[in-house]
Amino acid sequence: MKNIVILATGGTIAGVSSSITDTANYQPAILPIEAITKDLTEPLRNIAHISSEQIAQIDSAEMTHEIWFTLAGRINALLSSPQIDGVVVTHGTDTLEETAYFLNLVVRSNKPVVVVGAMRPASALSSDGPMNLYNAIILAASREASGKGVLVTLNNSINSSREVTKTNTSLQDSFKAPELGYLGYLIEGEPHFYREPTRKHTYRSEFILDGLSGLPPVEIIYGHVGNLSNLAQAAVDSGVKGLVYAGLGNGNMSKMMKETFMGIQAQGVVVVRSTRVSSGIVTCNGAVNDDLSNFIVSDTLNPQKSSILLALALSKTTDIPTIQRMFWEY
Ligand code: GLU
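If you're wondering where the values come from, they're calculated on a predicted model, not measured in any experiment. (Residues numbered from 1 in each chain as written. Predicted model: local features only at pLDDT ≥ 70, side-chain atom pairs only at ≥ 80, totals over all residues. Heavy atoms only, no water.)

K.L.:
Just to check I follow, could you spell out the sheet that holds strand E3 (residues 86-90) for this structure?
P.N.:
Across a sheet, paired strands are connected by hydrogen bonds in the backbone, their directions being either parallel or antiparallel. Spatially, E2-E1-E3-E4-E5-E6-E9-E10 is the arrangement adopted by the eight strands of the open sheet, whose pairing is mixed. Looking at the sheet topology across the chains shown, the edges are occupied by strand E2 (48-58) and strand E10 (190-193). Averaged over all pairs of adjacent strands, the angle between their axes in this sheet comes to 25°, without regard to strand direction. Here four bridges tie E3 to strand E4 (residues 113-116), and the two strands are oriented parallel to one another. Residue Thr 90 lies in a different strand from E4, and its bridge partner there is Val 116. The strands that helix H2 (residues 65-79) touches are strand E1 (2-10), E2, E3 and E4; relative to E2, the one it contacts most, it runs at about 165°. Sheet strands touched by helix H4 (residues 129-140): E1, E2, E3, E4, strand E5 (151-154), strand E6 (157-160), strand E9 (184-187) and E10. Its angle to E3, the strand with the most contacts, is close to 155°. (Pairing = 2+ DSSP bridges. Helix = DSSP H or I, 4+ residues; strand = E, 2+ residues; numbered from the N terminus. Axes fitted to C-alpha atoms, helices over the stretch in contact; angles between N-to-C directions. Contact = heavy atoms within 4.5 Å.)

Structure, rendered in structure tokens:
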């Protein structure tokens with residue numbers, strides 16, 4: 001028997017609607033975690049002993065760095081105990097990928113950590129929450145999940161937190177790693193892995209939260225026809241230490257935006273070129289000469305995950321080559 005702890009944060013998996021057919025108009029973060037796990041004790045009786053803690057009860061739009069620090073601290077404390085074999089985090093799907101990737105960088109253990117949510121509220125016909133949570137506990141209790149970084153499961157799939165993203169606003173089959181694919185499946189209570197993450201994570205990560213009281217503020221500027229440069233400058237004026245540009249194509253930008261970003265760099269703010277495109281590498285020294293203009297490229301990290309790695313990087317250094325090295329390694 002494995003000992004698995006569930007840390008609950010709210011979301012649709014704890015959501016309730018007034019009608020069982022309502023899957024869009026409902027209130028997330030209503031049910032306490034005990035109400036969601038009560039039917040799982042029996043099917044898990046030979047696999048895992050579960051206990052739970054309510055860390056937050058929020059719509060994941062309300063997720064904060066403070067809650068991330070609490071969550072990561074609690075996970076690190078739990079997993080340092082030989083009595084605990086794995087942790088499951090329940091989460092709203094809107095920012096699930098961000099919390100999962102943050103934990104992937106700051107949890108210091110090779111024991112399984114699985115982040116799970118649901119696309120339909122607990123009260124809906126064919127709610128996906130109970131099966132997703134059951135699968136998450138199975139995964140957290142499995143030998144196969146250890147050493148693979150923070151994992152995400154919904155809809156019977158296993159994804160790496162680095163690559164997974166929410167691809168559909170409403171369908172249950174929403175969480176995918178576009179082009180790179182699932183790590184595996186969870187079928188009939190068994191994890192089946194076919195690939196594993198190649199980037200540094202968790203027990204091999206250099207990012208430590210101990211001694212940090214928060215993360216440096218970072219903003220994302222979205223690239224589009226008609227970009228106004230004053231938005232990026234306004235972010236800098238508000239005190240951000242880093243900017244991520246959700247760029248065009250291969251992180252490309254107009255001459256005017258390039259001048260704006262270079263002016264911002266001269267003010268000591270670090271700028272990462274990411275992309276608004278859903279797949280592919282943002283390459284170094286393409287149309288933009290990064291060596292001359294001091295941009296960092298995001299590799300395949302999407303803008304929201306780039307902002308997390310950038311904030312953690314800025315908590316250690318402002319050295320451009322060092323931060324670029326981190327973007328190639330994590
Ligand atoms: N917007 C809510 C949240 O992120 C619900 C999304 C979900 O869990 O599917 O918490």
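K.L.:
Would you take a moment to explain the nonpolar core for this structure?
P.N.:
Soluble globular proteins tend to bury their nonpolar side chains together. If you look at the biggest cluster of nonpolar residues, it comprises 52 residues, and the most contacted ones within it are Ile 75, Phe 102, Leu 103, Leu 105, Leu 310 and Leu 312. The element that contributes the greatest number of residues to this core is H2, accounting for eight residues. In this view, Leu 103 contacts Leu 71, Ala 72, Ile 75, Val 89, Val 115, Val 150 and Thr 202; residues no more than four positions away in its chain are not counted. With 29 residues, the next largest nonpolar core counts Ala 48, Val 88, Ala 136 and Ala 141 among its residues. (Core = buried A, V, L, I, M, F, W, Y, C linked by side-chain atoms within 4.5 Å. Buried < 20%, exposed > 50% of the residue type's maximum accessible area, 1.4 Å probe, protein only.)

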